[in-house]
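Structural features, examined
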Amino acid sequence: MTQPPDLYQRDRDWHPPAYTQNYKTSVSRSPKNALLSLESTLSELSGPTFGHSDVDPLDNDLIRNYAKTGDPIGERIILHGRVLDENGKPVPNTLVEIWQANAGGRYRHKKDTYLAAIDPNFGGCGRTLTDEHGCYRFRTIKPGAYPWRNWINSWRPAHIHVSVFGPSFAQRLITQLYFEGDPLIAKCPIVNTIPDQRAIDQLVAALDLNATVPLDSIAYKFDIVLRGHRSTYFENRPEGN
Amino acid sequence: MVQKLDYRKETPSQTAGPYVHIGLAPGDAGFDIYRQELGRDIAGPRAQGERIEIQGQVSDGAGAPIKDVLIEAWQANAAGIYPGCGDVEPGFRGWGRVIPDFETGEWSISTVKPGRVKGRGPGLMAPHISFWMVARGINVGLNTRLYFSDEAEANKADPILNLIEQADRRDTLVARRDGDVYRFDIRLQGDKETVFFDV
């Protein structure tokens, strides 16, 4: 087995730093020492794979995957997009998992005690594999904003958590997507851990009227970019070096 | 002016937040939604090699256990082969995820001890498992490695461990064997802070 090509270095100025004073929980959960930079080995460049036996067809339909007595309450949305790498190349057959609050801003989690009601017909998680073009699609309801204890008056913008794999374990990524036009985005201490406004804009899903189901569901498009692989035209580290 | 480079930027990371469990390990969080949970069995029933258990805790800068962490592990099989890079035993996934007990912060995984894998140079790396963890308060998932205390010779020659300048910090990556169980505590900050990698 020859080693797969290296990845582009992660741009640490584009990602949030570990220590972000205004997102208070990060203060005691951020390493003080610098990360040790590694040249990737097979341990970082290989990664788990998933197949259609891992995922059920209904897993990407959050309107139906936990429904007991009817549809969940809230604004019905299609969430779709592509998983690409930094070279613009689609990432096929990769696992995309999402989780979110319900329309009232409440998670189905025993640690969430917000007074908004649990929706008996809404679970709040889904998963799917990208197709051969890197495309993914979920149907869900738009999550609500909710208060959280950072400052006393902190509100999270409506968001969906997204987890993506890619072929190399070093491409592993978790992020959050926000919705176009939400005034809470600019106020959020978690959003603002990201230093560059262009990077923040990359997390805002666009209203996509071309992807709606007319008279049924509105749509948002969210493309996800994973680290790209270097080309291998010139081998600068031959065997035995 | 110069031509514009047309690379895309990687999507920036955001914290997995306090409710990561409903998304990635709903069954373990007491929430029955999927037919099957992913990542519960790293090695599968037919894996060769020594069966091991690893236990640990992840703690914060105040020494308190982080009870809402989610850890993923990625490893080769006992022959040193990663799934996707060669033939492995049927059912050997090499990947798993675990969350701690919400009360104590203790987690444990059962797997087989991985074999040695070739490094970038001609030599072999010591047996190790790659770890990646996310939680509320972690802005970008943290990468580290677990090595084994009963592989002292291999550890001494491991090219990655030897990159760590302060020799005593190498110990933060070595799980201690106690009977049949390895203990691997991860400290995000402060005294004996674990070495984390930019991979």
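Preceding block: the structure.
Presented here is a report on the structure given in the accompanying data block. Please read these numbers as outputs of a predicted model, since none were measured by experiment. Every residue gets a number counted from 1 within its own chain, in the order that chain's sequence is written. A letter from A marks each chain and a number from 1 marks each ligand, given out in the order of writing. Local features in a predicted model are, by the rule used here, given only for residues with pLDDT of at least 70; side-chain atom pairs are given and counted only at 80 or more, and totals for whole chains, interfaces and linings are based on all residues. Only hydrogens and water are set aside; all other atoms, that is, all heavy atoms of the structure, feed into the side-chain values.

1. Remarks on the interface of chain A and chain B
In this analysis, two residues are considered to be in contact whenever any of their non-hydrogen atoms come within 4.5 Å of each other. On the chain B side, the residues contacting the 92 residues of chain A number 70 residues. Buried area: the accessible area, evaluated with a 1.4 Å probe, that two parts lose upon being put together, summed over both parts. Carbon and sulfur atoms make up 56% of the surface buried where chain A meets chain B, a total of about 7,500 Å² over both sides. Counting the surface chain A buries against chain B, the share from its top three residues, R29, L36 and F169 of chain A, is 11%. What counts as a salt bridge is simple: a side-chain nitrogen of Lys or Arg found within 4 Å of a carboxyl oxygen of Asp or Glu. Along the contact surface separating chain A from chain B lie 11 salt bridges. One salt bridge connects D198 of chain B with R12 of chain A, and the closest N-O pair in it is separated by 2.7 Å. In protein, a polar contact means a hydrogen-donor-capable atom and an acceptor-capable atom, both N or O and within 3.5 Å, with residues adjacent in sequence counting only if both atoms are side-chain atoms; elsewhere, any N or O pair within 3.5 Å suffices. Connecting chain A to chain B are 50 residue pairs in polar contact (both at pLDDT 80 or more). Nonpolar residues are Ala, Val, Leu, Ile, Met, Phe, Trp, Tyr, Cys and Pro. Charged residues are Asp, Glu, Lys and Arg, and all others, Gly as well, are polar. A class-by-class count of the residues in the side of chain A that touches chain B yields 37 nonpolar, 31 polar and 24 charged. Examined bridge by bridge, strand β1 (residues 36-37) of chain A and strand β10 (residues 197-198) of chain B share two bridges and lie parallel to one another. Looking at β10 of chain B, one finds that L36 of chain A is bridged to F197 of chain B. Any two strands with at least two DSSP-identified bridges between them are counted as paired. Put simply, DSSP marks the helices as runs of H or I at least four residues long and the strands as runs of E at least two long, and each gets a number from the N terminus on.

2. Considering the pairing of strand β2 (residues 70-74) of chain B
Residues and elements named next belong to chain B. Accessible area is worked out with a 1.4 Å probe on protein chains only. A residue is then buried under 20% of its type maximum, exposed over 50%, and partly exposed in between. For β2, the tally of buried residues reaches five of five residues, placing the bulk of the element in the interior. Burial along β2 is two-sided: the face carrying L70, E72 and W74 and the face carrying I71 and A73 are both buried. Note that β2 and strand β5 (residues 128-134) share five bridges and pair antiparallel. Residue pairing across strands places A73 opposite F131, the latter belonging to β5.

So, to be careful, I would describe these as geometric facts and stop short of saying anything about function.
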